[in-house]
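Chain residues, written in single-letter form:
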Amino acid sequence: TIGIAQGLLHEADVLEGLGQRGEATRRAERVLALELAVDDPLREPLRLDAHGRLAELALADGRLDDADAAIDRGLAEVHARSYFEARLHLVRGRVLEARAVVHREAGLEAEAQAALRAALEAHERSIAINEGLLRGEEGAP
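Notes on the structure follow. (Residues numbered from 1 in each chain as written. Predicted model: local features only at pLDDT ≥ 70, side-chain atom pairs only at ≥ 80, totals over all residues. Heavy atoms only, no water.)

**Describing the side chain of His89**
(1) Moving on: Looking at the element boundaries, His89 is found in helix α5 (residues 83–105).
(2) Moving on: Dropping the residues within four chain positions of it, His89 is found in contact with Leu75, Ala122, Arg125, Ser126 and Ile129. (Helix = DSSP H or I, 4+ residues; strand = E, 2+ residues; numbered from the N terminus. Contact = heavy atoms within 4.5 Å.)

**Notes on the nonpolar core**
(1) Moving on: Val31, Ala55, Ala67, Ile71 and Val95 are the most contacted members of the largest nonpolar core, which has 23 residues in total.
(2) Moving on: When residues of this core are traced back to their parent elements, those giving at least two are α1 (2–17), α2 (21–33), α3 (43–60), α4 (64–76) and α5.
(3) Moving on: Sort the elements by how many residues they give to this core and α3 lands first, with 7 residues.
(4) Moving on: Excluding its chain neighbours within four sequence positions, the residues that come into contact with Val95 are Leu59, Leu64, Ala67, Asp68 and Ile71. (Core = buried A, V, L, I, M, F, W, Y, C linked by side-chain atoms within 4.5 Å. Buried < 20%, exposed > 50% of the residue type's maximum accessible area, 1.4 Å probe, protein only.)

**What to know about the packing of α3 against α5**
(1) Moving on: Axis separation between α3 and α5 bottoms out at 9 Å; the angle between their running directions is 10°. Considered as vectors, α3 and α5 are oriented roughly parallel to each other. When you trace α3 past α5, the crossing you get is left-handed. Along its contact with α3, which presents Pro45, Leu48, Asp49, His51, Gly52, Arg53, Ala55, Glu56 and Leu59, the element α5 presents Phe84, Glu85, Arg87, Leu88, Val91, Arg94, Val95 and Ala98. (Axes fitted to C-alpha atoms, helices over the stretch in contact; angles between N-to-C directions. Parallel < 35°, antiparallel > 145°, perpendicular 65-115°, else oblique. Left-handed = near helix turned anticlockwise from the far one by under 90°.)

Encoded structure:
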């Protein structure tokens, strides 16, 4: 089943490269539908990766609320620090950057600035998690 999940995520990448984000989204969603054993050490990273891919695909389509929802679902599944948790925070920062652009285009400069500050915080959170992992700090978030 782990191999299926990995294959689906690779297919999602290829499909996105072909400009078929809808199909790519369906592949990532299939990963989340797989029956992965709860005690399998690859379960959490694969699921977090799928949530991250869904968020990135939604972001690419300008569906910022869907991107945020995918990130929230992924973060709710985190039980151990990992690159994949850090990646979700990084994607959150990118979503907030996109929100800042939307606010700025609407003439809402204060909201744009707030979104950019929040994006910076999300990026810093991602960096802090990765730095902790480099120092060997693992465990629960």
